[in-house]
Amino acid sequence: MILTTLRPSASAFAEATGWEPKPEGLCRGEICVPAPGSLGSDGTVDAQIAAERLGMPLLHDEQHGIWALGAATMSGHELASATAADPELMDRAGTPFRLSSLRGRKVVLVAWSTY
Amino acid sequence: MVTVALDIFPEHTHQWIDAAKPTHPSLIDTRHVTGQLFGFRNIPMAVWIDENGVLVRPPEQASVERSPLRDMEIPEGLDARTTEMFRQVKAIPDSSEEYRAAIIDWARNGASSRFALSPDEVVRRSQPRADNDARAAACFELGQHLLLTAGHDAAVPWWREAHRLFPDNWTYKRQAWTLVTTAPDAEANDLQQGPNDVYEGNWLDDVVASGGGAKYYIPPSL
């Protein structure tokens, strides 16, 4: 997740990371990680607290004034839970697409590339 | 079936998607976020998602058809590096028949398929994620963002660091390499990704250093 501020909106944080900020903590599927102070009353997330609690690296490119929040490592595995993430991707026409639009159907998601 | 291309430039994918004429959703992941979120570190890889949005298989090699490259004779007269590339590709294990059969079994039998794993097992079977792997993801994303906002030179240092931190992530490497090894007038991305002046690594030397074609993929544990 690219950040131009260390207090992104909760919705943007959830969208990018798959972790939803709630009063009880940072949650994904049935997992909630307590993160006191991470969710602000203004609907923003303290990225530094969230990074520390979820084991996410937070890198800063000082020259360009941006940060990148990396993947969570708290589970020690690539998958923190079996709940499928639902990032917004695009189709061939550039139209947004979410895997959640296929709920009710089995999905085999296959990654490929042109290189 | 849903396919997702881990390609920074969506226009690179168009000729391939158009040629395939897919009847399934053909998606493009310009930020490689599916690598972080699903564990894709090479291609082709896949995860299976059930009707409730729960993963029933971890990310693993996802060939469903044996590549003809595996069975072809290596042409004579090629340069040494190209010949060795063929050898390494032919050494990549093939489980396409078993994997295709497993998909069909799950499609027919759903949760009762022996190939559908419990949530805990899916997580357990996913690859370890070290701190360096996560940092590499952040580095790659910074590089991708800077490529588009500040130019290629701004991306390179972050991508070099991503490669150093996570040498087993082939999408980070190959995406970066191809942007420097593809000729400006090429009609498609360069697949050989040979030695270049920008990055220390290249496909052949890195594959050999990592144990050869036999170690190139995470094979499905069926």
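What comes next concerns the included structure.

The rules behind each value
Residues numbered from 1 in each chain as written. Chains lettered and ligands numbered in written order. Predicted model: local features only at pLDDT ≥ 70, side-chain atom pairs only at ≥ 80, totals over all residues. Helix = DSSP H or I, 4+ residues; strand = E, 2+ residues; numbered from the N terminus. Buried ≥ 20, exposed ≤ 12 C-beta atoms within 10 Å, placed from the backbone. Contact = placed C-beta atoms within 7 Å. Arc of directions from axis to C-beta. Expected span 1.5 Å × (residues − 1). Pairing = 2+ DSSP bridges. Core = buried A, V, L, I, M, F, W, Y, C linked by C-beta atoms within 7 Å. Axes fitted to C-alpha atoms, helices over the stretch in contact; angles between N-to-C directions. Parallel < 35°, antiparallel > 145°, perpendicular 65-115°, else oblique. Left-handed = near helix turned anticlockwise from the far one by under 90°. Nonpolar A, V, L, I, M, F, W, Y, C, P; charged D, E, K, R; others polar.

Some words on the overall build of chain B
Reasoning step 1: Secondary structure summary: chain B contains nine helices and four strands in total.
Reasoning step 2: In chain B, the succession of α and β elements from N to C terminus is β-α-β-α-β-β-α-α-α-α-α-α-α.
Reasoning step 3: Overall size of chain B, expressed as C-alpha extent along the three principal axes, is 50 × 45 × 35 Å.
Reasoning step 4: Here chain B holds 222 residues, and the buried ones make up 40% of them.
Reasoning step 5: Of the contacts made within chain B by residues no fewer than 6 positions apart, 54% connect residues no fewer than 24 positions apart.

Describing the overall build of chain A
Reasoning step 1: A count of helical and extended segments in chain A gives two helices and nine strands.
Reasoning step 2: When the helices and strands of chain A are listed from N to C terminus, the series reads β-α-β-β-β-α-β-β-β-β-β.
Reasoning step 3: Taking the principal axes of its C-alpha atoms as reference, chain A extends roughly 40 × 35 × 30 Å.
Reasoning step 4: Long-range contacts, defined here as pairs at least 24 residues apart, represent 38% of the contacts in chain A between residues at least 6 apart.

Description of helix α1 (residues 10–17) of chain A
Residue and element names in this part refer to chain A.
Reasoning step 1: Every buried residue of α1 is listed here: A10, F13, A16 and T17. Viewed end-on, α1 has its buried residues packed into an arc of 140°, placing them on one side of the element.
Reasoning step 2: Buried residues along α1 sit against β2 (20–22), α2 (47–54) and β6 (66–69).
Reasoning step 3: Positive backbone phi, approximately 85°, marks G18, located one or two places after α1.

A closer look at helix α8 (residues 170–181) of chain B
Since there are 3.6 residues in each turn of an α-helix, residues three or four apart along the chain are aligned in direction.
Residues and elements named next belong to chain B.
Reasoning step 1: If you check α8, its first and last C-alpha atoms are 16 Å apart, about what twelve residues at 1.5 Å a residue would give, namely 16 Å.
Reasoning step 2: Counting buried positions along α8 gives eleven out of twelve residues, so the element sits mostly inside the fold.
Reasoning step 3: Along α8, the positions that sit buried rather than exposed are W170, T171, Y172, K173, R174, Q175, A176, W177, T178, L179 and T181.
Reasoning step 4: Check the buried side of α8 and you find it contacts α2 (33–38), α6 (131–149), α7 (152–165) and α9 (203–209).

With respect to the interface of chain A and chain B
Interface size, as often reported, equals the accessible area lost upon joining of the parts.
Reasoning step 1: Facing the 44 residues of chain A at the interface are 69 residues of chain B.
Reasoning step 2: The set of elements that each furnish at least two residues to the side of chain A that touches chain B consists of β5 (58–61), β6, β7 (89–91) and β9 (107–112) of chain A.
Reasoning step 3: Ranked by residues supplied to the side of chain A that touches chain B, first place goes to β9(A) with six residues.
Reasoning step 4: Inspection of the sheet shows β7(A) paired to strand β2 (residues 26–28) of chain B by two bridges, in the antiparallel sense. In the sheet register, D91(A) faces β2(B), and the bridge partner there is L27(B).

Topic: the nonpolar core
Note on soluble globular proteins: their nonpolar side chains tend to be buried together.
Reasoning step 1: Within the largest apolar cluster, 79 residues are counted, with the highest numbers of intra-cluster contacts made by A50(A), L109(A), A111(A), L55(B) and A162(B).
Reasoning step 2: Those residues in contact with A50(A) that lie beyond four places of it in its chain are F13(A), L26(A), A35(A), S38(A), V45(A) and M56(A).

Points about the pairing of strand β4 (residues 55–61) of chain B
All names here are of chain B.
Reasoning step 1: Where burial is concerned, most of β4 is hidden: seven out of the seven residues are buried.
Reasoning step 2: As defined by bridge partners, strand β3 (residues 45–49) adjoins β4 across four bridges and the pair is classed as antiparallel. The partner of W48 across the bridge, within β4, is R57.
Reasoning step 3: Linking two consecutive strands that pair antiparallel, namely β3 and β4, is a turn of five residues; a positive phi of about 80° is found at G53 within it.

Description of the environment of P128(B)
Reasoning step 1: If you trace the backbone, P128(B) turns up in the loop between α5 (119–125) and α6.
Reasoning step 2: Distance in space between the C-alpha atoms of P128(B) and A155(B) is 27 Å, their sequence separation being 27 residues.
Reasoning step 3: Once residues lying within four places of it in the same chain are set aside, the contact partners of P128(B) are G76(A) and H77(A).

A word on the packing of α6(B) against α7(B)
Residues and elements named next belong to chain B.
Reasoning step 1: Two elements in contact, α6 and α7, have axes separated by 8 Å at closest approach and are oriented at 165°. Considered as vectors, α6 and α7 are oriented roughly antiparallel to each other. Where α6 crosses over α7, the handedness of that crossing is left-handed. In this structure, α6 uses N132, R135, A136, C139, F140, L142, G143, Q144, L146 and L147 to contact α7, whose residues at the interface are H152, A154, A155, W158, W159, E161, A162 and L165.
Reasoning step 2: Partitioned by chemical class, the residues of the contact of α6 with α7 number twelve nonpolar, four polar and two charged.

Comments concerning the sheet that holds strand β4 (residues 31–33) of chain A
All names here are of chain A.
Reasoning step 1: Read from one edge of the open sheet, three strands run β2-β3-β4, paired in antiparallel fashion. Both outer strands of the open sheet, β2 and β4, are each paired with one neighbouring strand and no more. Ignoring strand direction, the axes of neighbouring strands in this sheet form an average angle of 30°.
Reasoning step 2: Relative to β4, strand β3 (residues 25–28) runs antiparallel, the two sharing three bridges. Bridged to R28 within β4 is I31.

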